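# Observations on the three-dimensional arrangement
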Amino acid sequence: MGALEIINFYLVPGIVIGSIYALGAVGITLVFSILRYAHLAHGDLATLGAFLALGAVTLGGVSPYVALPVAMVLTAAAAVMIDKAFYAYLRERPKIVTVMASLGVALMVRAIVQVVWGVDSETYTRGIVRPDVWFGIRLRDRELITIFAMIGLVLALHVFLQQSKWGKAMRAMSDNPDLALLSGVDNKKVVMLTWIIVGGLCAAAGVFLGLNYELKAMMGWTMLLPMFAAAILGGVGRVEGAVLGGLIVGIAEEMSTLFLPTEYKAATAFAILLLMLLVRPTGLLKGKVL
Amino acid sequence: MSDILVMRDLVGGYGDANVLQGVSMRAAKAEIVVIVGPNGAGKSTAMKAIFGLLKVRGGSITVDGTEITGWEPNRIVEAGVCYVPQVSNVFREMTVHENLEMGAFLRTGDLSAAYDRVYTLFPDLKERRKALAGNLSGGQRQMVAMGRALMLEPKLLLLDEPTAGLSPRYMEQIFQICRDVRDTGVTIVLVEQHAKQALAFADRGYVLAAGANRHEGTGADLLADRDVADMFLGG
Ligand SMILES: Nc1ncnc2c1ncn2[C@@H]1O[C@H](COP(=O)(O)OP(=O)(O)OP(=O)(O)O)[C@@H](O)[C@H]1O
Ligand SMILES: [Mg+2]
């Protein structure tokens, strides 16, 4: 097999799915570092976002790229409401209670998606898209857009966290929550802001997964493990780390099919996660130890 | 009455047990009040209680005439109280300048005068303003912690062992800064391990033991007190 085949059939799909994992992993890492629990409903929020975009596509007749920002806003609102309805009451309790509650929320969100949109697979657009060929490398528009949208969203988040007042408040809350409170930061606002960002990122991950593959009720749930693996691989609390982790997990999953039957693809993320926790629990970019 | 801080019969603790068994103290405007006492006396706990970082079960805390017992921390900061905890008192993964920015979180408008003031008080910090606070030496980190609290231009400044682990030179510098800040009209309440030096420099002092008031008076009176000397001042 030549280099071009490896690039076209393994590397490009790896980078595309890796970009999608990255979008999810960034949200997971934010929740981990600011709210301090593992959010198991993360994948199903992505599913919700994907189907909300489908709603905009079928009802509004718009392209999925126009539906994307709509879905991001709606999912952000849903995330804020879920937090207020379920997680806010548990804030003072041990974090494991919230982790379990988020599992319940995951099942609930999925059930709502199944009731509204059914259990069959859907797509945003019908028909086959022919890839463009650049120096022998085959790329579809949607693949390029996925990669660049991920880069754009992460850069925007980075600038927000580094430069803006409330971005700094989020970093402060992640760094030293007590001191952030003592500096006058309103924790409730930081929590809400975190959910707005995380909800938006979840929707983006879901929409791009739906664009490149298909939409089904289980789509987000099956992404949960690779997204967590990516967040931990990159170092908890590290946005750049989550991106790096997402790309590594995505590429590793695709490459694994060179040597292993495709059924083992999902196990690759698990293997990476275990290996990382054994060898370097702080992640590649030295994040918090869980 | 020009008392900035009044704490009356405070009772409270972390779990079910009460660490504070009725602590009372007050601090007037532009006064330096020092709290001393043996390890585990509840000095830090008394300071944390002001910010509601533990369960307060009885008593009251008043700042400048307003009762603040049970308020959210951000409202207490808004009321003009800043607190430098004994441990983890900087944002380690943020730069020195960002730490100061967080101190001014509730302030709006032009802050350049506030930055100038802090950087003039702590010239070391100006040089290292882009360094991560976690990478600084202990003394410099203590300065970042104080600088962060001063950014808000509080009326009441609470310092928990600002000189812990510092060399005598740094300690003298911190005390001098406290005096300068006091002279701008700020009330300072500080906990000190170096009881002798602290009582000599403070306007008034409280001796806490086992979660209750043991002695109070001017620094000089306490230094002269036989019981206080026996308790922990040494020879
Ligand atoms: N976070 C906490 N949770 C539970 N108990 C605590 C906590 N912090 C302090 N204590 C207990 O409260 C009591 C008073 O502690 P505190 O820290 O107020 O003492 P201190 O006078 O500041 O002592 P030091 O001079 O060592 O700083 C001690 O018995 C301590 O074990
Ligand atoms: Mg203490």
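Residues numbered from 1 in each chain as written. Chains lettered and ligands numbered in written order. Predicted model: local features only at pLDDT ≥ 70, side-chain atom pairs only at ≥ 80, totals over all residues. Heavy atoms only, no water.

The number of helices and strands found in chain B is 10 helices and 10 strands. Against the compact-globule benchmark of 18 Å for 235 residues, chain B has a radius of gyration of 17 Å, which places it among compact chains. Projecting the C-alpha coordinates of chain B onto the three principal axes gives extents of approximately 45 × 40 × 35 Å. The buried share among the 235 residues of chain B stands at 55%. When the accessible surface of chain B is totalled, it reaches about 9,700 Å², and 48% of it is carbon and sulfur. A distance of 3 Å separates the average location of the 25 positive side-chain charges in chain B from that of its 28 negative side-chain charges. (Helix = DSSP H or I, 4+ residues; strand = E, 2+ residues; numbered from the N terminus. Rg over C-alpha atoms; globule rule 2.2 N^0.38 Å. Buried < 20%, exposed > 50% of the residue type's maximum accessible area, 1.4 Å probe, protein only. Areas by Shrake-Rupley, 256 points an atom, 1.4 Å probe, with all protein chains shown as cover. Lys, Arg positive; Asp, Glu negative; His and termini not counted. Charge placed at Lys NZ, Arg CZ, Asp CG, Glu CD.)

Attention now goes to the nonpolar core. Counting 175 residues, the largest nonpolar core has A:Y124, A:W195, B:F51, B:F122, B:L158, B:I188 and B:V189 as its most contacted members. The biggest single contributor to this core is helix α1 (residues 3–35) of chain A, with 15 residues. In contact with A:Y124, other than residues within four places in its own chain, are A:A50, A:A53, A:L54, A:V57, A:P64, A:V207, A:G210, A:L211 and A:L215. (Core = buried A, V, L, I, M, F, W, Y, C linked by side-chain atoms within 4.5 Å. Contact = heavy atoms within 4.5 Å.)

This paragraph deals with the sheet that holds strand β2 (residues 20–28) of chain B. Residue and element names in this part refer to chain B. The four strands are arranged β2-β1-β4-β5 in an open sheet whose pairing can be described as antiparallel. Each edge of the open sheet is held by one strand with a lone partner, namely β2 and β5 (66–67). Note that strand β1 (residues 3–13) and β2 share seven bridges and pair antiparallel. Residue pairing in the sheet places L5 in a bridge with A27 of β2. On the sheet, helix α1 (residues 43–50) packs against β1, β2 and β4 (55–63) and is oriented at approximately 110° with respect to β1. (Pairing = 2+ DSSP bridges. Axes fitted to C-alpha atoms, helices over the stretch in contact; angles between N-to-C directions.)

Let's shift gears to the sheet that holds strand β9 (residues 204–209) of chain B. Residue and element names in this part refer to chain B. Within the open sheet, the six strands sit side by side as β6-β7-β8-β3-β9-β10. Their pairing is mixed. Looking at strand neighbours, the two that pair on one side only are β6 (81–84) and β10 (212–218), the edges of this open sheet. Taken over all neighbouring pairs, the strand axes of this sheet differ in orientation by 15° on average, direction set aside. By the bridge criterion, four bridges tie strand β3 (residues 32–36) to strand β8 (residues 187–191) in an arrangement that is parallel. By the bridge assignment for β8, I32 is matched with I188. Running over the sheet, helix α6 (residues 138–150) touches β6 and β7 (156–160) and is turned about 170° from β6.

Moving on, we come to the environment of A:L35. Residues and elements named next belong to chain A. Inspection of the secondary structure puts L35 in helix α1. By relative accessible area, which is 8% here, L35 ends up buried. Those residues in contact with L35 that sit more than four places away from it in its chain are L30, K95, V191, T194 and W195.

Residues and elements named next belong to chain B. Of the protein atoms, only S44 (OG) and Q86 (OE1) coordinate the magnesium ion (ligand 2), at distances of 1.9 to 2.2 Å. Note that S44 is positioned in helix α1 and Q86 in the loop between β6 and α3 (96–103), a separation of 42 residues in sequence. Here S44 falls in the buried class, since its relative accessible area comes to 16%. (Donors = N, O, S within 2.8 Å, 3.2 Å for Na, K, Ca; no water.)

Once that is clear, we can look at the packing of aromatic side chains. One pass over the structure, following the stated rule, counts seven aromatic pairs over all chains. With centroids separated by 5.5 Å and ring planes inclined at 40°, the aromatic side chains of A:F51 and A:W117 adopt a geometry described as tilted. Here A:F51, found in helix α2 (residues 42–60), pairs with A:W117, found in helix α4 (residues 95–117); they are 66 residues apart in sequence, far enough to count as distant. Ring geometry for B:F175 and B:F201: centres 4.2 Å apart, planes at 15°, overall stacked. Of this pair, B:F175 sits in helix α7 (residues 168–183) while B:F201 sits in helix α8 (residues 195–201), placing them 26 residues apart in sequence. For the pair B:F175 and B:F201, one class covers both residues: buried. What links up through ring pairs into an aromatic cluster is the set A:Y37, A:Y87 and A:W195. The ring of B:W71 has B:R75 lying over it, and the distance from NZ or CZ to the ring centre is 3.9 Å. (Phe/Tyr/Trp six-rings, centres within 6.5 Å; stacked < 30°, edge-to-face > 60°. Lys NZ or Arg CZ within 6 Å of the ring centre and 35° of its normal.)

This brings us to the side chain of A:T47. Among the secondary structure elements, A:T47 is positioned in helix α2. Those residues in contact with A:T47 that sit more than four places away from it in its chain are A:V113, A:K216, A:A217, A:M219, A:G220 and A:W221.

Moving on: the confidence of the model for chain B. All names here are of chain B. In the predicted model, chain B carries a mean pLDDT of 88, and 98% of its residues have values of at least 70. For chain B, per-element mean pLDDT is lowest for helix α10 (residues 226–233), which scores 71, and highest for α3, which scores 95. Two numbers describe this predicted complex: its pTM, 0.89, and its ipTM, 0.88. (pLDDT = per-residue confidence, 0-100.)

To continue, consider the site of ligand 1. Residues and elements named next belong to chain B. Taken together, 14 residues surround ligand 1, and among them N39, G40, K43, S44 and T45 come closest. Take A41: an N or O atom from its main chain is 3.2 Å from an oxygen atom of ligand 1. Note that an oxygen atom of ligand 1 is positioned 2.4 Å from one of the side-chain N or O atoms of T45. Relative to its free-state accessible area of 630 Å², ligand 1 is covered by the protein chains to the extent of 59%. The residue makeup of the shell around ligand 1, split by class, is four nonpolar, seven polar and three charged. (Near = heavy atom within 4 Å. Polar contact = N/O pair within 3.5 Å; in protein donor to acceptor, adjacent residues only side chain to side chain. Nonpolar A, V, L, I, M, F, W, Y, C, P; charged D, E, K, R; others polar.)

On to the packing of α2(A) against α4(A). All names here are of chain A. At their nearest, the axes of α2 and α4 sit 9 Å apart, and the two run at 20° to each other. The pairing of α2 with α4 is recorded here as roughly parallel in orientation. Considering the relative orientation of α2 and α4, their crossing is left-handed. Residues D44, T47, L48, F51, L52, L54 and G55 of α2 form the contact with α4, whose participating residues are A106, V109, R110, V113 and W117. The residue inventory of the contact of α2 with α4, partitioned by class, reads eight nonpolar, two polar and two charged. (Parallel < 35°, antiparallel > 145°, perpendicular 65-115°, else oblique. Left-handed = near helix turned anticlockwise from the far one by under 90°.)

Residues and elements named next belong to chain B. Among the five residues that make up β3, five are buried, leaving the element largely enclosed by the rest of the structure. Going residue by residue along β3, you find I32, V34 and V36 tucked away on one face and V33 and I35 tucked away on the opposite face as well. Across four bridges, the pairing between β3 and β9 is parallel. Its bridge partner being in β9, V33 is matched across the sheet by R204.

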